[in-house]
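Analysis of the macromolecular model
Okay, here's what each chain looks like letter by letter:
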Amino acid sequence: MSYLTLKNINKIYPNGYHAVHNFCMDIDKGEFIVFVGPSGCGKSTTLRMIAGLEDISNGEFLIDGKRANEWGPRERQIAMVFQSYALYPQMTVFDNIAFGLTLQGVDEEIIEEKVKNTARILGLTDYLDRLPRALSGGQRQRVAIGRAIIRKVGVFLMDEPLSNLDAKQRVTMRSEIAQIHRETGATTIYVTHDQTEAMTLADRIVVMKDGYVQQIGTPYDLYFKPVNVFVAGFIGEPPMNFIRGVVRGGNISFGGNVLELEKKLGSRTGDYEGKEIIFAFRPEAVTLGGAEDAYQAEALVELTEMLGDSVNVYITAQEEKAILKVDPHDTPEIDSSITFSIPYKDVYLFDGETENVIL
Ligand code: ADP
């Protein structure tokens, strides 16, 4: 049986705004789940309903098979780490981590043992006597996490916990959060708008848009099997290229390059004659020059961006644009004309109207 169950969860705020629509999901013990999506899509609202900080307007939330809609935050055995880590400035790291247990009147020896164990997991052992102001942003965030994980709870909720850190600290802290999860094995739900954080941390990702779940799946599934244009465009950097076109004579055109749909759709091609289709491929799927079992196209190089391990090549073909990601040793000249190949297997087709994946 799953540990957490969300059955058709809805949130309608008192002002009438419907922020979350029919959220459904089963979460197993120990899973690391990430809610991802653009700002305002309902991630925090869902998290806060799980935490018991926000009423569930409609639907049912179960913990271990029991209805928990009416339970208070404490009863739910959930700890939450917020964006702003709000440590007590006048208290040492030790006292900050111990705070919850001290309030509960837990025995001092037990507190000492637990704080030391938590500090070890978080690499804070040498900082226990310091005040928060003498710590880096990353260390402060670890103290905030320590405060949450020291309590024996069933679920950790984290709302954009890395957003106050600089880019480098975020990368370090990201791997530390993964490490903490491996050590504690705690069921975790993590909210972020950053697809890289989602991809690197999650066992399963929930992609949301405008209050609706778009897709739930492993990072692998979301990258290779996106169900619609939104998910396909949200996961991956630079984003997937989308070429919209009406199917004429079984083909669509990318800036004058004829792309034969039959290569991808086979006998189903006829079904799409006269309809709008979105032909899509990831920048990293292409190779320069010709190739077997691949679409070929010609385009003009507008701009190149050297990233070190790869180069982003911005191309245009009669006003239509795309981005290719290639080996830096093959960087084409700006303003030159290039041929590139997109393997058939790496092409996605979406319905132009519903934007759902066809193949
Ligand atoms: P996210 O975490 O994905 O950025 P939120 O869950 O915070 O999104 O918000 C989802 C939507 O609900 C937003 O449009 C937001 O403006 C709206 N919202 C959030 N809180 C309230 C509230 N208390 N009353 C009315 N609308 C709210």
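Preceding block: the structure.
Moving on, we come to the pairing of strand S13 (residues 257–260). Only one face of S13 is buried: it carries Asn 257 and Leu 259, and the other face, with Val 258 and Glu 260, is open. As defined by bridge partners, strand S12 (residues 251–254) adjoins S13 across four bridges and the pair is classed as antiparallel. Looking across to S13, one finds that Ser 253 is bridged to Val 258. The antiparallel hairpin formed by S12 and S13 contains two residues in its connecting segment, where Gly 255 sits at a positive phi of about 50°.

Side chains three or four residues apart in an α-helix point the same way, a direct result of the helix having 3.6 residues per turn. In this model helix H3 (residues 108–122) runs 21 Å from its N-terminal to its C-terminal C-alpha over 15 residues, within 8% of the 21 Å that 1.5 Å per residue would give. Looking at H3, one finds that the buried residues are Ile 111, Val 115, Thr 118, Ala 119, Ile 121 and Leu 122. Axial view of H3: buried residues confined to an arc of 155°, hence all on one face. Seen from the open side of H3, the exposed residues pointing more than 90 degrees away from its buried face are Glu 109 and Glu 113. On its buried face, H3 is in contact with helix H2 (93–103), helix H4 (137–149) and helix H5 (167–184). Following H3 by one or two positions, Gly 123 adopts a phi angle in the positive range, close to 65°.

Looking now at the nonpolar core. Judged by nonpolar contacts, the single largest core of 46 residues is most densely connected at Val 34, Ile 97, Ile 145, Ile 177 and Tyr 190. When neighbours within four sequence positions are excluded, Tyr 190 is seen to be in contact with Phe 32, Ile 33, Val 34, Phe 35, Met 158, Pro 161, Leu 162, Ile 177, Glu 197 and Leu 201. Core analysis: the second largest hydrophobic core is formed by 30 residues, Leu 259, Ala 299, Val 313 and Ile 315 among them.

Looking now at unusual backbone geometry. Cis rather than trans, the peptide bond between Glu 237 and Pro 238 has omega equal to -10°. Relative to the helices and strands, Pro 238 resides in the loop between helix H8 (229–234) and strand S11 (241–246). The backbone of Asp 64 sits at a positive phi, close to 55°, despite the residue not being glycine. As for its position among the elements, Asp 64 is in the loop between strand S4 (58–63) and strand S5 (66–67). You will see that Glu 319, though not glycine, has its phi angle at about 80°, which is positive. Relative to the assigned elements, Glu 319 resides in the loop between strand S17 (311–317) and strand S18 (320–326).

Here we take up the side chain of Asn 241. As for its placement among the helices and strands, Asn 241 is situated in strand S11. Accessibility expressed as a relative area gives 6% for Asn 241, which makes it buried. In this structure the side chain of Asn 241 is engaged in a polar contact, spanning 2.7 Å, whose partner is the backbone oxygen of Ile 323. Apart from residues lying up to four places away in sequence, Asn 241 is in contact with Phe 279, Ala 280, Phe 281, Arg 282, Pro 283, Ala 322 and Ile 323.

Let's shift gears to the site of the ligand. With respect to spatial proximity, the complete set of residues near the ligand consists of Tyr 13, Asn 15, Tyr 17, Ala 19, Pro 38, Ser 39, Gly 40, Cys 41, Gly 42, Lys 43, Ser 44 and Thr 45. Within the backbone of Gly 40, one N or O atom sits 2.7 Å away from an oxygen atom of the ligand. Thr 45 is positioned with one of its side-chain polar atoms (N or O) 2.5 Å from an oxygen atom of the ligand. Considered on its own, the ligand offers 570 Å² of accessible surface; in the complex 63% of this is hidden by protein. Ranked by residue count, the leading element in the shell around the ligand is helix H1 (residues 43–51), at three residues. When its residues are assigned to classes, the shell around the ligand shows five nonpolar, six polar and one charged.

Next up on the list: the packing of H2 against H4. Remark: H2 packs on H4, axes separated minimally by 7 Å, with the N-to-C direction vectors making an angle of 30°. Put simply, H2 runs roughly parallel to H4. As for the relative orientation of H2 and H4, their crossing is right-handed in sense. Of H4, the residues touching H2 (which contributes Val 93, Asn 96 and Ile 97) are Val 143, Gly 146 and Arg 147.

In spatial order, the strands read S15-S19-S16-S17-S18; together these five strands make up an open sheet with antiparallel pairing. Two strands lie at the open edges of the sheet, namely strand S15 (287–288) and S18, each paired on one side alone. Where strand S16 (residues 294–306) meets strand S19 (residues 337–343), seven bridges bridge the pair, whose relative direction is antiparallel. Bridge assignment links Tyr 295 to a residue of S19, and that residue is Ile 342.

About the cut-offs
Residues numbered from 1 in each chain as written. Predicted model: local features only at pLDDT ≥ 70, side-chain atom pairs only at ≥ 80, totals over all residues. Heavy atoms only, no water. Buried < 20%, exposed > 50% of the residue type's maximum accessible area, 1.4 Å probe, protein only. Helix = DSSP H or I, 4+ residues; strand = E, 2+ residues; numbered from the N terminus. Pairing = 2+ DSSP bridges. Expected span 1.5 Å × (residues − 1). Arc of directions from axis to C-beta. Contact = heavy atoms within 4.5 Å. Core = buried A, V, L, I, M, F, W, Y, C linked by side-chain atoms within 4.5 Å. Polar contact = N/O pair within 3.5 Å; in protein donor to acceptor, adjacent residues only side chain to side chain. Near = heavy atom within 4 Å. Areas by Shrake-Rupley, 256 points an atom, 1.4 Å probe, with all protein chains shown as cover. Nonpolar A, V, L, I, M, F, W, Y, C, P; charged D, E, K, R; others polar. Axes fitted to C-alpha atoms, helices over the stretch in contact; angles between N-to-C directions. Parallel < 35°, antiparallel > 145°, perpendicular 65-115°, else oblique. Left-handed = near helix turned anticlockwise from the far one by under 90°.

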